[in-house]
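Geometric and topological summary
Chain by chain, the residues run as shown.
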Amino acid sequence: MGEVDPAFIQEPEHRPRISYIEGEGFPLIDLAPLHSSNNVSAIEGLVKEVGKACKEWGFFQVINHGVPLEKRQKIDGDSRKFFEQSLEEKRKVRRTEKLVLGYYDTEHTKNVRDWKEVFDIAVEEPALIPSSPDPDDKEITELYNQWPEYPPELRETCQDYGQEMVKLARKLFELIALSLGLPADRFHSFFKDHSSYIRLNHYPPCPTPELALGVGRHKDGGALTILAQDDVGGLEVKRKDGEWIRVKPTPDAYIVNVGAIIQVWSNDKYESVEHRAMVNPEKERFSVPFFFNPAHYVMIKPLEELTNEQNPAKYRAYNWGKFTASKRRSNFQKLNVENLQISHFRISD
Ligand code: OGA
Ligand code: NI
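One structure accompanies this document, and this report is about it.

Parameters at a glance
- Residue positions within a chain follow its written sequence, with the count starting from 1.
- Each chain takes a letter, starting from A, and each ligand takes a number, starting from 1, following the order in which they are written.
- Thresholds applied to this predicted model are a pLDDT of at least 70 for local features of residues and 80 or more for the giving and counting of side-chain atom pairs; totals over whole chains, interfaces and linings are not thresholded and use all residues.
- The basis for the side-chain values is all heavy atoms of the structure; hydrogens and waters are excluded.
- For two strands to be treated as a pair, DSSP must find no fewer than two bridges joining them.
- Strands are runs of DSSP state E lasting at least two residues, helices are runs of H or I lasting at least four, and both sets are numbered from the N terminus onward.
- Only the stretch in contact is used when a helix axis is fitted, and all axes are lines through C-alpha atoms; the angle between N-to-C directions ranges over 0 to 180 degrees.
- Note on terminology: angles under 35 degrees are roughly parallel, angles over 145 are roughly antiparallel, angles of 65 to 115 are roughly perpendicular, and the others are oblique.
- The sense of a crossing depends on the near helix, which, turned anticlockwise from the far helix by less than a right angle, makes the crossing left-handed and, turned clockwise, makes it right-handed.
- Residues are treated as being in contact if the distance between any of their heavy atoms lies within 4.5 Å.
- As a rule, N, O and S atoms within 2.8 Å of a metal are its donors, except that Na, K and Ca use 3.2 Å; water is not among the atoms, so sites may look incomplete.
- Classification of residues uses two cut-offs on accessible area relative to the type maximum, computed with a 1.4 Å probe and protein chains only: under 20% is buried, over 50% is exposed, and between them is partly exposed.
- We call a residue near a molecule or strand whenever a single non-hydrogen atom of that residue lies within 4 Å of it.
- Polar contacts here mean pairs of N or O atoms no more than 3.5 Å apart (in protein, one a potential hydrogen donor and the other a potential acceptor; neighbouring residues in sequence count only if both atoms are side-chain atoms).
- In these tables, accessible area is a Shrake-Rupley quantity obtained with a 1.4 Å probe, and a residue counts as shielded only by the protein chains included in the view.
- Gly is placed with the polar residues, together with every amino acid not listed as nonpolar (Ala, Val, Leu, Ile, Met, Phe, Trp, Tyr, Cys and Pro) or charged (Asp, Glu, Lys and Arg).
- Should a side-chain nitrogen of Lys or Arg be within 4 Å of a carboxyl oxygen of Asp or Glu, the pair is scored as a salt bridge.
- For a helix, the expected span equals 1.5 Å multiplied by the residue count minus one.
- Our arc is simply the arc of the directions from the helix axis toward the C-beta atoms.

Considerations on the sheet that holds strand 11 (residues 215–218)
- Strand order in the open sheet made by the 5 strands is 1-14-13-16-11, with mixed pairing throughout. Edge positions in the sheet fall to strand 1 (21–22) and strand 11, since each of these pairs with one other strand and no more.

What to know about the packing of helix 2 (residues 69–84) against helix 4 (residues 154–179)
- Closest axis-to-axis distance for the helix 2/helix 4 pair is 9 Å, and the angle between their directions is 140 degrees. In terms of orientation, helix 2 and helix 4 fall into the oblique class. Here helix 2 runs over helix 4; the crossing is left-handed. Every residue of helix 4 that contacts helix 2 at K71, R72, K74, I75 and D78 is listed here: L154, T157, C158, D160, Y161 and E164.

Thoughts on the coordination of the nickel ion (ligand 2)
- For the nickel ion (ligand 2), the full set of protein donor atoms is H218 (NE2), D220 (OD) and H275 (NE2), at a range of 2.1 to 2.2 Å.
- The sequence pattern formed by the donor residues of the nickel ion (ligand 2) is H-x1-D-x54-H. A single burial state applies to H218 and to D220, both of which are buried.

Considerations on the site of ligand 1
- Taken together, N201, Y203, H218, D220, L227, L235, H275, R285, S287, P289 and F291 form the complete shell of residues around ligand 1.
- Separating an oxygen atom of ligand 1 from a side-chain N or O atom of S287 is a distance of 2.6 Å.
- A total of 290 Å² of accessible area belongs to ligand 1 in isolation, and the protein chains cover 95% of it.
- When residues of the shell around ligand 1 are traced back to their parent elements, those giving at least two are strand 10 (197–203) and strand 17 (285–292).
- At 4 residues, the largest contribution of residues to the shell around ligand 1 is made by strand 17.
- Considered class by class, the residues forming the shell around ligand 1 number 5 nonpolar, 4 polar and 2 charged.

Examining the pairing of strand 10
- Counting buried positions over the 7 residues of strand 10 gives 6, a clear majority of the element.
- With 6 bridges connecting them, strand 7 (residues 117–122) and strand 10 associate as antiparallel partners. Looking at the pairing, D120 lines up with R199 of strand 10.
- Sheet topology note: the strand 10/strand 17 ladder contains 5 bridges and is antiparallel. Across the sheet, residue Y203 finds its bridge partner in strand 17, namely R285.

Things to note about the pattern of salt bridges
- Taken as a whole and assessed by the stated rule, the structure comprises 26 salt bridges.
- Note that E153 and K74 form a salt bridge whose closest N and O atoms lie 3.8 Å from each other. Of this pair, E153 sits in the loop between strand 9 (140–143) and helix 4 while K74 sits in helix 2, placing them 79 residues apart in sequence.
- Taking the relative accessible area as the measure of exposure, K74 reaches 38% and is therefore partly exposed.
- With its nearest N and O atoms 2.2 Å apart, the salt bridge here joins R346 to D268.

Here we look at helix 1 (residues 40–56)
- The end-to-end C-alpha distance of helix 1 is 24 Å, a good match for the 24 Å that 17 residues give at a rise of 1.5 Å each.
- Turning to helix 1, its buried residues are L46, V47, V50, G51, A53 and C54. Across the axial projection of helix 1, the buried residues extend over an arc of 165 degrees, all falling on one side. Opposite the buried face of helix 1, by more than 90 degrees, sit the exposed residues S41, K48 and K52.
- Contacts from the buried residues of helix 1 go to strand 2 (28–30), strand 3 (59–63), helix 4 and strand 15 (254–258).
- Positioned one or two residues after helix 1, G58 has a phi angle of 75 degrees, which is positive.

Listed below in structure tokens is the structure:
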């Protein structure tokens, strides 16, 4: 990735600014009350904070989340070991149109190439997904992870880490449900056969950080994302006033964001917010997002409890598996059409 291919160059209006605003009220939530015994008022306070952050930012950081630090250090270390290898080695576990999990260095976001390389791992194996985006095609494909020879422990590390992430995601969903006035377990059944995955991101140093992005502006299409970023920093979130805000790396914190599915379930009460990652001229950067996604057969639509005559459903129901199958196809290659978004299911009023 030495030379700067024009495929990486962002349109002028989407290029990052070299000076940036950091922090600026970005919510930091202490999850400690979740681990102490039955402190009802502390939990109520937490629910309010989560609700406010989801509404005002669509993003927040959490500390005292209960994920053991060693598990995070392990996956960070193994990710570095994997990406340090030659391109030839990494390409042995390359993603293809059939084997959609594994290594990949040509992802496009909004049809501009991202300055990054990634390794995708399904948390539950086999991962089940529809074979094609075609609604009449009922065939389901079983997906298996591809494991590199090095580092040999990567498989175990990812399995352990995935279980921790699922636990945290379920707890966060309980808080989100309560914040919407729903029973804490309201969302659990959607995730019974969840199709979540972990992505290892490596953003190499970039000679033209003012022209390219590690990942271009996008909204996460799943339910909830839990991201671990290293101390280099580069993640930017679009604040509701349109300003891009850099998220300050906080040691051992996780960054949580509302995905498109929560936006639909909540009928736009909580919106999925645009974000992007800047690259750095000297430093490489690593991040590990966990994408918490429902089972492929789940139909996504606004929850009945959150809609009524005054506030009718703003989206038509869509099938999660077909949605990802179609998105995956457009992420695989540069296309001249817009990627599938929940806005395609919006009911115009
Ligand atoms: C993503 C993402 C941001 C980052 O992979 O969806 O938004 O900081 N990553 O790596
Ligand atoms: Ni993202």
